[in-house]
Amino acid sequence: MTKNFTVDWFSSHIPKFLSTLSGIAGKEDVHGLEIGSFEGKSSCWFLDNIFNGDNSTLTCIDTWEGSMEHSQEQKAPLWDIFTNNIKDYDPSKLIIKRGFSRDRLRDRDLSKYDFIYIDGSHTTRDVLGDAVLSFDLLKIGGVMTFDDYTWTMYADPLLNPRTGIDAFLICYRHKIELLELATQVTIKKISD
């Protein structure tokens, strides 16, 4: 069966990822973590273009139940769409952790990652929680990208990602190098 994506919020970011992740693309034993996989558009691209070297993996964390901004029509088939879209990938390259990131990021079997992509829940609290819990899993020299920095679907700033991302940037400013601050925010970890 062919891949089925009902929306494409990812493709516009591909040129940036090709540049930012060029140092690890196709390399052996590199690992990525994606928080928020939705239908798997980004997951498939990362597996095809970045984590395709020997012993390289992508870990996907999501509930596959959608978020408050998704319609019921979008939420209902998410898990089935995702599993269909990733079914042809080598299961040793793709680690799926179904559940809330606040729980799954505490799993003891998680390893250290070269790249972390945060694009799950958009609430300030969840984005900040994902960032803090993931930072310990990021290798020194590793890159973390937050999606939707300029996203303003809700009037309440606590329901949008920016406040959580800003709080993380302030709290971790001595441990990171800011690489990009635009619609996405990308940092490099320089110390624990």
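In this text, all values refer to a predicted model and were calculated from it rather than measured experimentally. (Residues numbered from 1 in each chain as written. Predicted model: local features only at pLDDT ≥ 70, side-chain atom pairs only at ≥ 80, totals over all residues. Heavy atoms only, no water.)

### Here we look at the environment of Lys3
Defined as follows: A helix here means a DSSP run of H or I that spans at least four residues, while a strand means a run of E at least two residues long, and both kinds are numbered starting from the N terminus. Relative accessibility under 20% of the residue-type maximum defines a buried residue, over 50% an exposed one, and the middle range a partly exposed one, all with a 1.4 Å probe and only protein chains included. Should any heavy atoms of two residues lie within 4.5 Å, those residues are considered in contact. We define a polar contact as two N or O atoms separated by no more than 3.5 Å, with the added condition that, inside protein, one atom must be a possible hydrogen donor and the other a possible acceptor, whereas residues neighbouring each other in sequence contribute only through side-chain atom pairs.
Relative to the elements of secondary structure, Lys3 occurs in the segment before helix H1 (14–20). Classification of Lys3 as partly exposed rests on a relative accessible area of 40%. Sequence separation between Lys3 and Ile86 is 83 residues, and the spatial gap between their C-alpha atoms is 8.1 Å. Setting aside chain neighbours within four positions, we find Lys3 in contact with Cys44, Asp48, Asn84, Asn85 and Tyr89. Side-chain polar atoms of Lys3 contact the side chain of Tyr89, separated by 3.2 Å.

### Things to note about unusual backbone geometry
Excluding glycine, most residues fall at negative phi; most peptide bonds, likewise, are trans. Positive phi, close to 60 degrees, is recorded for Asn55, a residue that is not glycine. As for its position among the elements, Asn55 is in the loop between helix H2 (41–49) and strand S2 (57–62). Phi at Trp64 takes a positive value of approximately 55 degrees, unusual for a residue other than glycine. Locating Trp64 in the fold gives a position in the loop between S2 and helix H3 (72–75). A relative accessible area of 2% places Trp64 in the buried class.

### Quick look at the sheet that holds S2
Inclusion rule: Think of it this way: DSSP has to see at least two bridges between two strands before they count as a pair. As a rule, the C-alpha atoms of each element are fitted with a line to give its axis, helices using only the stretch in contact, and angles between N-to-C directions run from 0 to 180 degrees.
In space, the 7 strands of this open sheet follow the order S3-S2-S1-S4-S5-S7-S6, with mixed pairing throughout. Two strands bound the open sheet, and with one partner strand each, they are strand S3 (94–98) and strand S6 (176–181). Strand-to-strand twist of the sheet, defined as the mean angle between neighbouring strand axes without regard to direction, takes the value 15 degrees. With 4 bridges joining them, strand S5 (residues 138–146) and strand S7 (residues 185–189) adopt antiparallel strand pairing. Bridge pairing links Thr145 to Thr186 in S7. Across the face of the sheet, helix H7 (residues 162–171) comes into contact with S5, S6 and S7 while running at roughly 25 degrees to S7.

### Overview of empty space enclosed by the protein
Put simply, the rule reads: A cavity, in this analysis, means grid points on a 1 Å lattice covering only the protein atoms where a 1.4 Å probe fits yet has no way out; a pocket is instead an open set bounded by protein on both sides within 12 Å along at least five of seven lines, and a residue lines either one if it has an atom within 4 Å of a point. Grid points are joined across faces, edges and corners, and a volume is the space filled by probe spheres set on the points. Three classes are used, and their members are as follows: Ala, Val, Leu, Ile, Met, Phe, Trp, Tyr, Cys and Pro are nonpolar, Asp, Glu, Lys and Arg are charged, and the others, Gly among them, are polar.
Within this structure, the stated rule accounts for 1 cavity of 30 Å³ or more. By volume, the largest cavity is sized at about 50 Å³. For the largest cavity, the full set of lining residues is Ile118, Asp119, Gly120, Ser121, His122, Val127, Phe146, Asp147, Asp148, Pro161 and Ile165. Grouping the amino acids of the lining of the largest cavity by side-chain chemistry returns 5 nonpolar, 3 polar and 3 charged.

### A look at the pairing of S6
Looking at chain direction, S6 and S7 are connected through 5 bridges and run antiparallel. Residue pairing across strands places Glu180 opposite Thr186, the latter belonging to S7. With antiparallel pairing between neighbouring strands as the criterion, S6 and S7 make up a hairpin whose turn holds 3 residues.

### What to know about the layout of surface pockets
Taken as a whole, the largest pocket holds about 870 Å³ of empty space. Of all the secondary structure elements, the ones that give two or more residues to the lining of the largest pocket are strand S1 (31–35), H2, S2, helix H5 (101–104) and helix H6 (124–135). Per-element accounting of the lining of the largest pocket gives the leading share, 5 residues, to H6.

### Observations regarding the pairing of strand S4 (residues 113–118)
Remark: a regular strand shows side chains that alternate across the two faces of the sheet. Formally: When the strands point away from the viewer, a crossover counts as right-handed if the path from the first strand over the helix to the second runs clockwise.
Burial analysis of S4 places 6 of its 6 residues in the buried class, the great majority of the element. Two elements, S1 and S4, share 4 bridges in a ladder whose sense is parallel. Its bridge partner being in S4, Leu33 is matched across the sheet by Ile116. Here S4 runs beside S5; their pairing, made up of 5 bridges, is parallel. Across the sheet, Ile118 pairs through a bridge with Phe146, a residue of S5. Chirality of the crossover, the property in question, places the unit of S4, H6 and S5 among those that are right-handed.

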